[in-house]
Amino acid sequence: MRLSGLQKYILGQCYLNKNGLVAKADFYGFYPKEEFEENKKSIQDIIHNSLEGLVAKDLLVAFGRKTAKKWFINKVKLTPAGKRAAKEIIKQRQRKLPIK
């Protein structure tokens, strides 16, 4: 399964969070602060689309509210499949270090 860098970041942040539920605003840290201030609306849309993609792949469960036309995601939680994917992502990142 191919995941973007943002989706890998989202899975990693959800896995490392002790609470279980992660707010959507916690994922804004993926972008530099200057870039986020300049392109706030487009970055929010990009994060929302990434979250929807992960929900469609059954890696996340989204909590929020749904209107007739749009889904507003407030918080997300990892599924068991998402936890396995997050562990693999962390292992791949760890391999790059010369640990013996």
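Along every chain, residues carry numbers that run from 1 in the direction the sequence is written. Confidence filtering applies because this is a predicted model: local features only for residues at pLDDT of at least 70, side-chain atom pairs given and counted only at 80 or more, and all residues used for totals across whole chains, interfaces and linings. Heavy atoms throughout the structure, all of them, feed into the side-chain values; hydrogens and water do not.

Turning our eyes to something else, we now look at the pairing of strand E3 (residues 71–78). A pair of strands is treated as paired once DSSP finds two or more bridges between them. Strands here are runs of E lasting at least two residues and helices are runs of H or I lasting at least four, both read from the DSSP assignment and numbered beginning at the N terminus. Where strand E1 (residues 22–23) and E3 come together, two bridges link them in antiparallel fashion. For Ala-23, the partnering residue across the bridge sits in E3 and is Lys-75. Sheet topology note: the strand E2 (residues 60–66)/E3 ladder contains seven bridges and is antiparallel. Among the inter-strand pairings, Val-61 is bridged to a residue of E3, identified as Lys-77.

This part takes up helix H3 (residues 40–56). For a helix, the expected span equals 1.5 Å multiplied by the residue count minus one. Compared with the 24 Å implied by 1.5 Å per residue over 17 residues, the 24 Å span of H3 between its first and last C-alpha is a close match. Relative accessible area decides the class of each residue, using a 1.4 Å probe on protein chains only: under 20% of the type maximum gives buried, over 50% gives exposed, and in between gives partly exposed. All of the buried residues in H3 are Ile-43, Ile-47, His-48, Ser-50, Leu-51 and Leu-54. For H3, the arc enclosing every buried residue in end-on projection is 160°, short of the 170-degree limit, so these residues lie on one face. More than 90 degrees from the buried face of H3, the exposed residues found are Lys-41 and Ala-56. Turning to H3, the residues buried within the fold contact helix H1 (5–16), helix H2 (33–38), E2 and E3. Two residues or fewer past H3, Asp-58 is found with a positive phi of approximately 60°. Along the arc lie the directions from the helix axis toward the C-beta atoms. Whether two residues touch is decided by their heavy atoms; if any such pair falls within 4.5 Å, the residues are in contact.

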